[in-house]
Amino acid sequence: MMSPYFFYVLAAYSVTGFSLLILSIILILDYKSCLREEEELSQIDGSFDHSAKKDMM
Amino acid sequence: MSKLPVTSWNFFKFSNPGIFLRFIDRFLPWLCFFALFFLSLGLYLSFTAPPDYQQELSVRIMFIHVPFAWISMFCYSMMAFSGLGTLIWRHPLADLSLKTAAPIGATFTFIALLTGCIWAKPMWGTWWVWDARLTSVFLLFLMYLGIIVLTRSFDDPLKSARPAAVIALVGFIDIPVIKFSVDWWNTLHQPASLFRLDGVRIHSSFLIPLMVMGLGFFLLFFSFYLFSMRTQILRRRIYRMRFLAAMSEEFP
C-alpha cells in the first residue's frame, strides 16, 4: 500500500526540480541575449575603439 | 624591509574582469560536473534512506528543504559581504556579485519556503504558521525581492550600487534572527539538529544523504552564481560600449 506521505515527497521534489529548471533557463537565455547584443554592438561601425572592450566594465 | 611574497594568492587580482572571466571559464565546467555528481549521489542516498519512525517517508523532504534553507542564508551573507566590498574596498566586482546573487538567492529561498510548506502540511496539519522562524525567512525572501527591484529600477547600473549595498548590510540583521529564532521564541518549527553545542542530533542514515545533498546544492548554487556573474560582466561591458558610442556621437 502506498504511503500517505508519498505525494508530499513527490510534490516537494517536483517543485524543486521545476524551479531549478526555470532558473537555469532564465540564466541561459539572459546570457544568450547578452552575447547577441554584444555581437550586434560589435558590428555597428562606431567611431570608438572596440579592441579596448576586453577589460571594460 | 619586508616584502609581500610575489607568489601569494591575491584576492584583488580578481578585480580585473578579464582575469575573473578566465577563472570562470576554467572552473565552471568542473563545478557543474561535481554539482551533478553529488546531486545524483545525494538523490540515490535520499531515496534509499530508511523511513523515519515518526515522519515516515516525509523525512525525505528534509534532504532538499534544509540545504535550500542553508543556502538562502549563506547567499544573503555573501551579498552583505559584497556590500562591504562596494562600500569599503570599492571592489569593481562586488556590486556585480551582489546583483548576481540576489535573484539566485531569492529562488533558493522561495524553494526553501515552498518545500517547508509541503513538509509542514503532513507534520503540523497546516501549510503555514506565522511563527518566528517562518516569518523571518519570509522576511528574507522579501528583502531579496526588494534588492532585485532596487537594482533594476535605475537606468545607470552604477547608481544602484551604494543603496543596494546599504540595504544588504542593514538586512543582514535578519540572518542571526533566522538562526536563533527557534531558541529565542517558542516556535512550531523544530530547533537546530546539526549545528548545536551538544553535537549532532541526526542519525547517520539521514545525516549522510543530507550532507551529500547539501554539498551538491552548494556546488549548484556556485555554478549558477559564476555563470550569472559572467552574464553580468558582459552586460556591464555592453552598457559601457553603448555609453562610449553615445559619447563619441555627442563629442566627435
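Note that this is a predicted model, so its numbers are computed, not measured.

J.: Before we go on, may I ask you to explain the interface of chain A and chain B in this structure?
T.: Accessible area lost when the parts come together is the quantity often used to give the size of an interface. Residue-level contacts link 33 residues of chain A with 50 residues of chain B. The contact between chain A and chain B buries some 3700 Å² in all, and 76% of this surface belongs to carbon and sulfur atoms. For the pair chain A and chain B, the interface holds 2 salt bridges. For the interface between chain A and chain B, the tally reads 3 residue pairs in polar contact (both at pLDDT 80 or more).

J.: Looking at this model, I keep getting lost on a nonpolar patch on the surface. Mind explaining?
T.: On the surface, Phe18, Leu21, Ile22, Ile25, Ile26 and Leu29 of chain A cluster together to form a nonpolar patch covering roughly 590 Å² of accessible area. The residue isoleucine 25 of chain A is located in helix H1 (residues 6–43) in this model.

J.: Would you take a moment to explain the packing of aromatic side chains for this structure?
T.: Residue and element names in this part refer to chain B. The tally for this structure, following the rule as stated, stands at 26 aromatic pairs over all chains. Every member of this aromatic cluster is reached through a ring pair, and the members are Phe68, Phe74, Phe108, Phe217, Phe218, Phe221, Phe222, Phe224 and Tyr225. Between lysine 179 and the ring centre of phenylalanine 180, over which it is positioned, the NZ or CZ distance is 5.8 Å.

J.: So what exactly am I meant to see when it comes to the environment of proline 50 of chain B here?
T.: Residue and element names in this part refer to chain B. Here proline 50 is to be found in the loop between helix H1 (17–48) and helix H2 (62–89). Classification of proline 50 as partly exposed rests on a relative accessible area of 38%. Among all residues touching proline 50, those that are not within four sequence positions of it are Val59, Ser205 and Phe206.

J.: Sorry if this is basic, but what is going on with unusual backbone geometry here?
T.: Most peptide bonds adopt trans geometry, and most residues besides glycine take a negative phi value. Residues and elements named next belong to chain B. We note that glutamate 56 has phi near 55 degrees; this positive angle belongs to a residue other than glycine. By secondary structure assignment, the location of glutamate 56 is in the loop between H1 and H2. At arginine 90, a residue that is not glycine, the phi angle is positive and equals roughly 55 degrees. Mapped onto the secondary structure, arginine 90 falls in the loop between H2 and helix H3 (94–124). Taking relative accessible area as the criterion, arginine 90 reaches 60% and is therefore assigned exposed.

J.: Mind showing me how you'd approach H1 of chain B here?
T.: Since the α-helix packs 3.6 residues into each turn, any two residues three or four apart lie on the same face. Residue and element names in this part refer to chain B. Between the first and last C-alpha of H1 there are 44 Å, a value that for 32 residues agrees with the 46 Å anticipated at 1.5 Å per step. Of all the bends found along H1, the most pronounced is centred on phenylalanine 27 and spans about 35 degrees, while proline 29, a proline, follows it within four residues. Along H1, the residues classified as buried are Pro17, Gly18, Phe20, Leu21, Ile24, Leu28, Leu31, Ala35, Leu39, Gly42 and Ser46.

J.: What should I look at first to understand the packing of H2 of chain B against helix H5 (residues 161–171) of chain B in this one?
T.: Helix packing for two helices is described by the angle between their axes and how far apart those axes are. Residues and elements named next belong to chain B. In the contact formed by H2 and H5, the axes pass within 8 Å of each other and the chain directions differ by 135 degrees. Comparing their axes, H5 and H2 come out oblique. Two packed elements cross with a definite hand, and for H2 against H5 that hand is left-handed. Here Tyr76, Met79, Ala80, Gly83, Leu84, Thr86 and Leu87 of H2 lie close against H5, whose contacting residues are Ala161, Arg162, Ala165, Val166, Ile167, Ala168, Leu169 and Gly171. Looking at the contact of H2 with H5 residue by residue, the class counts come to 11 nonpolar, 3 polar and 1 charged.

J.: Is there a simple way to think about the nonpolar core in this case?
T.: It is characteristic of soluble globular proteins that their nonpolar side chains tend to be buried jointly. Judged by nonpolar contacts, the single largest core of 76 residues is most densely connected at Met62, Tyr76, Met79, Phe108 and Phe217 of chain B. Put simply, the parts of the chain that give this core at least two residues each are H1 of chain A together with H1, H2, H3, helix H4 (132–152), H5, helix H6 (174–184) and helix H7 (204–250) of chain B. The greatest single-element share of this core, amounting to 16 residues, is contributed by H7 of chain B.

J.: What's the story with the packing of H3 of chain B against H4 of chain B in this structure? I'm lost.
T.: Residue and element names in this part refer to chain B. Direction vectors running N to C along H3 and H4 enclose 155 degrees, while the axes themselves pass 9 Å from each other. Taken as axis vectors, H3 and H4 run roughly antiparallel relative to one another. Of the two possible hands of crossing, H3 and H4 adopt the one that is left-handed. Note on element contacts: H4 touches H3 through Leu134, Val137, Phe138, Leu140, Phe141, Tyr144, Ile147, Ile148, Thr151 and Arg152, opposite Leu98, Lys99, Ala102, Pro103, Gly105, Ala106, Thr109, Phe110, Leu113 and Trp124. Along the lines of polarity and charge, the residues of the contact of H3 with H4 split into 15 nonpolar, 3 polar and 2 charged.

J.: Whenever I open this one, the state of the cysteines confuses me. Can you help?
T.: The bond known as a disulfide is covalent and runs between the sulfur atoms of two cysteines. Residue and element names in this part refer to chain B. Under the definition given, this model contains 0 disulfides over all chains. Residue cysteine 32 stays outside any disulfide, its sulfur separated by 17 Å from that of cysteine 75, the closest cysteine. What makes cysteine 32 partly exposed here is its relative accessible area of 32%.

J.: Just to check I follow, could you spell out the side chain of arginine 133 of chain B for this structure?
T.: By the secondary structure assignment, arginine 133 of chain B is in helix H4. Look at arginine 133 of chain B: it is buried, it has no salt bridge, and the nearest opposite charge is aspartate 183 of chain B at 6.7 Å.

Criteria and thresholds
- Residues numbered from 1 in each chain as written.
- Chains lettered and ligands numbered in written order.
- Predicted model: local features only at pLDDT ≥ 70, side-chain atom pairs only at ≥ 80, totals over all residues.
- Heavy atoms only, no water.
- Contact = heavy atoms within 4.5 Å.
- Buried area = accessible area lost by both parts, 1.4 Å probe.
- Salt bridge = Lys/Arg side-chain N within 4 Å of Asp/Glu carboxyl O.
- Polar contact = N/O pair within 3.5 Å; in protein donor to acceptor, adjacent residues only side chain to side chain.
- Patch = residues over 30% accessible without salt bridge, like charges linked within 9 Å, V, L, I, M, F, W, Y side chains within 5 Å.
- Areas by Shrake-Rupley, 256 points an atom, 1.4 Å probe, with all protein chains shown as cover.
- Helix = DSSP H or I, 4+ residues; strand = E, 2+ residues; numbered from the N terminus.
- Phe/Tyr/Trp six-rings, centres within 6.5 Å; stacked < 30°, edge-to-face > 60°.
- Lys NZ or Arg CZ within 6 Å of the ring centre and 35° of its normal.
- Buried < 20%, exposed > 50% of the residue type's maximum accessible area, 1.4 Å probe, protein only.
- Expected span 1.5 Å × (residues − 1).
- Bend = angle between axes of the 7 residues up to and from the residue.
- Axes fitted to C-alpha atoms, helices over the stretch in contact; angles between N-to-C directions.
- Parallel < 35°, antiparallel > 145°, perpendicular 65-115°, else oblique.
- Left-handed = near helix turned anticlockwise from the far one by under 90°.
- Nonpolar A, V, L, I, M, F, W, Y, C, P; charged D, E, K, R; others polar.
- Core = buried A, V, L, I, M, F, W, Y, C linked by side-chain atoms within 4.5 Å.
- Disulfide = S-S within 2.5 Å.
- Lys, Arg positive; Asp, Glu negative; His and termini not counted.

Nothing here speaks to function; it is all geometry.
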